[in-house]
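Next come the chains, spelled out residue by residue.
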Amino acid sequence: MPLFRRPKRWLALVTGLALTSILLTACGENSPSILDPAGPIARSESGIFWTILIIAAVVFVGVEGMLIYSTIRFRARPDSPTPPQTHGNTTVEVIWTVIPAIVLLIVLGVTIRGIFDVSTKPEGKTIEVTAYGHQWWWEFYYPEYKMTTADSLVIPPNTNVHVKLYSNNVIHSFWVPQLTGKTDVIPGHDNEKWFSSDKAGVTYEGICAEYCGTQHANMRFNVVVTKDNNEYLSWAQKQQQAAAVPTPGSLEAKGEEIFKNQCTTCHGIVGVSDETPYLKDPNPMGQCDDPTKDNGCLIGPNLTHFGSRNLIAGGVLKNNIEACQPGGDLSNCNLAKWISNPQGVKPGNDMAVNVSSEDLPALIAYLESLK
Ligand code: CUA
């Protein structure tokens, strides 16, 4: 009897699988990978992955190899006699019980060590951040500085970042593949985590990893690591200040008026609109604590320093300021695309605004000037 009855079919299957895997590798293009860790927590997590992968590969190759070898070597032949029948073999049974038990104990040990690595408060300098999961964007509050930003989590290099995870709506999951694994952000249950970046002057991609509604896939953020601690401190000092005041009579000044008329129901700009809880309240995040109370919490991001951010609307677009210059052609300006058609860019989001095409350039100029 031939080993494979239909060699052509097998060939087709193997070729198909090989082509599929080549196709799937393309999915990794430009995606952050847990296998490219850039901090101690991510390294610990990818270490667990590699350990288990290597153990599993050895077991798989060993077991499948023996299976394939036995299938070929001892296959039935036309004149082969009935093989000897055995019932039970204590030595073999002890071996195949003890070896898997040892393998699983190693995996358990590595995993438990990883859990402690991830959940233990690390030694050394730590900054505090509260990450607030909204539908569908991330807000970051820095309690030490009493300031809020959105879409961009700015941190210094080689410094522990203690993140408290907070939601008053649905469950999200905070994930920065190259820095730290996923942790759920659950209403009524405040999780926390630590991570840090070894590299300076780089930007990592963050992702919401728990389905949280129609725009779950567009709930991204950046972790921007400054060049050094001084750059971080000067960034923080800038973020604490009220918004830049435009020159009277300028395009930006006209934009400020448009903002006051059209945007303040949802967005705050410190120093411009009245409803800016971000710097006034000792615990601004707390303002949104109780979803049953309407306590004047603004639903949109604080835009005080919008021009310093690199993403728009939960990462659905990049904040490409170079294409949004005052008086220039705005056809490639992402902020213009977003403001003129928010429901087309990100269907289902809360943004309902109607800015006329005459007003748009001024509003863009103003928002992008808020560095
Ligand atoms: Cu938030 Cu998915």
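Rules of the game
- Residues numbered from 1 in each chain as written.
- Predicted model: local features only at pLDDT ≥ 70, side-chain atom pairs only at ≥ 80, totals over all residues.
- Heavy atoms only, no water.
- Core = buried A, V, L, I, M, F, W, Y, C linked by side-chain atoms within 4.5 Å.
- Buried < 20%, exposed > 50% of the residue type's maximum accessible area, 1.4 Å probe, protein only.
- Helix = DSSP H or I, 4+ residues; strand = E, 2+ residues; numbered from the N terminus.
- pLDDT = per-residue confidence, 0-100.
- Contact = heavy atoms within 4.5 Å.
- Pairing = 2+ DSSP bridges.
- Axes fitted to C-alpha atoms, helices over the stretch in contact; angles between N-to-C directions.
- Patch = residues over 30% accessible without salt bridge, like charges linked within 9 Å, V, L, I, M, F, W, Y side chains within 5 Å.
- Areas by Shrake-Rupley, 256 points an atom, 1.4 Å probe, with all protein chains shown as cover.
- Salt bridge = Lys/Arg side-chain N within 4 Å of Asp/Glu carboxyl O.
- Parallel < 35°, antiparallel > 145°, perpendicular 65-115°, else oblique.
- Nonpolar A, V, L, I, M, F, W, Y, C, P; charged D, E, K, R; others polar.

Participant: Tell me what's going on with the nonpolar core, and back it up with residues and numbers.
Facilitator: Side chains of nonpolar character tend, in soluble globular proteins, to be buried together. Grouped together as the largest cluster of nonpolar side chains are 33 residues, with contacts concentrated most on Trp138, Phe140, Tyr142, Leu153, Phe174, Phe195 and Val223. Every element with two or more residues in this core is listed here: β1 (126-134), β2 (137-142), β4 (152-155), β5 (160-166), β6 (172-176), β9 (203-208), β10 (220-225) and α4 (229-240). A per-element tally of this core places β10 first, with 4 residues. One finds Cys263, Met351, Leu360 and Ala362 within the second-largest nonpolar core, a separate group that totals 28 residues.

Participant: A description of the confidence of the model for the chain should follow, citing residues and the corresponding values.
Facilitator: Confidence in the prediction for the chain averages 86 pLDDT; 89% of positions are at 70 or higher. Here helix α6 (residues 277-280) stands out as the least confident element of the chain, with mean pLDDT 41; β6 is the most confident, with 96. Across residues 275-296, confidence stays below pLDDT 50; counting only partners more than four residues off in sequence or on other chains, it has 43 contacts.

Participant: Run through the sheet that holds β4, naming residues and quoting values.
Facilitator: Strand order in the open sheet formed by 5 strands is β4-β10-β9-β6-β7, with mixed pairing between adjacent strands. Two strands close off the open sheet at either side, each with one partner strand: β4 and β7 (180-185). Direction aside, the axes of adjacent strands within the sheet are offset by 20° on average. Bridge count for β6 against β7 is 4 bridges, and the pairing is antiparallel. Bridge pairing in β7 places phenylalanine 174 opposite threonine 183.

Participant: With reference to specific residues and values, describe a nonpolar patch on the surface.
Facilitator: A cluster of nonpolar residues, Ile34, Leu35, Phe49, Trp50, Leu53, Ile54 and Val58, forms a patch on the protein surface that exposes about 630 Å² of accessible area. By the secondary structure assignment, phenylalanine 49 is in helix α2 (residues 40-73).

Participant: Tell me about the pairing of β4, residues and numbers included.
Facilitator: The alternating pattern of β4 places Ser152 and Val154 and Leu153 and Ile155 on opposite faces, both of which are buried. Across 4 bridges, the pairing between β4 and β10 is parallel. Of the residues in β10, the one forming a bridge with isoleucine 155 is valine 225.

Participant: A description of the packing of helix α5 (residues 251-262) against helix α9 (residues 360-368) should follow, citing residues and the corresponding values.
Facilitator: Relative orientation of the contacting elements α5 and α9 amounts to 100°, with a least axis distance of 7 Å. With respect to each other, α5 and α9 are oriented roughly perpendicular. Taking contact as the criterion, the partners of Leu251, Glu252, Lys254, Gly255, Glu256, Ile258 and Phe259 in α5 are, on α9, Pro361, Ala362, Leu363, Ala365, Tyr366 and Leu367. Looking at the contact of α5 with α9 residue by residue, the classes come out as 9 nonpolar, 1 polar and 3 charged.

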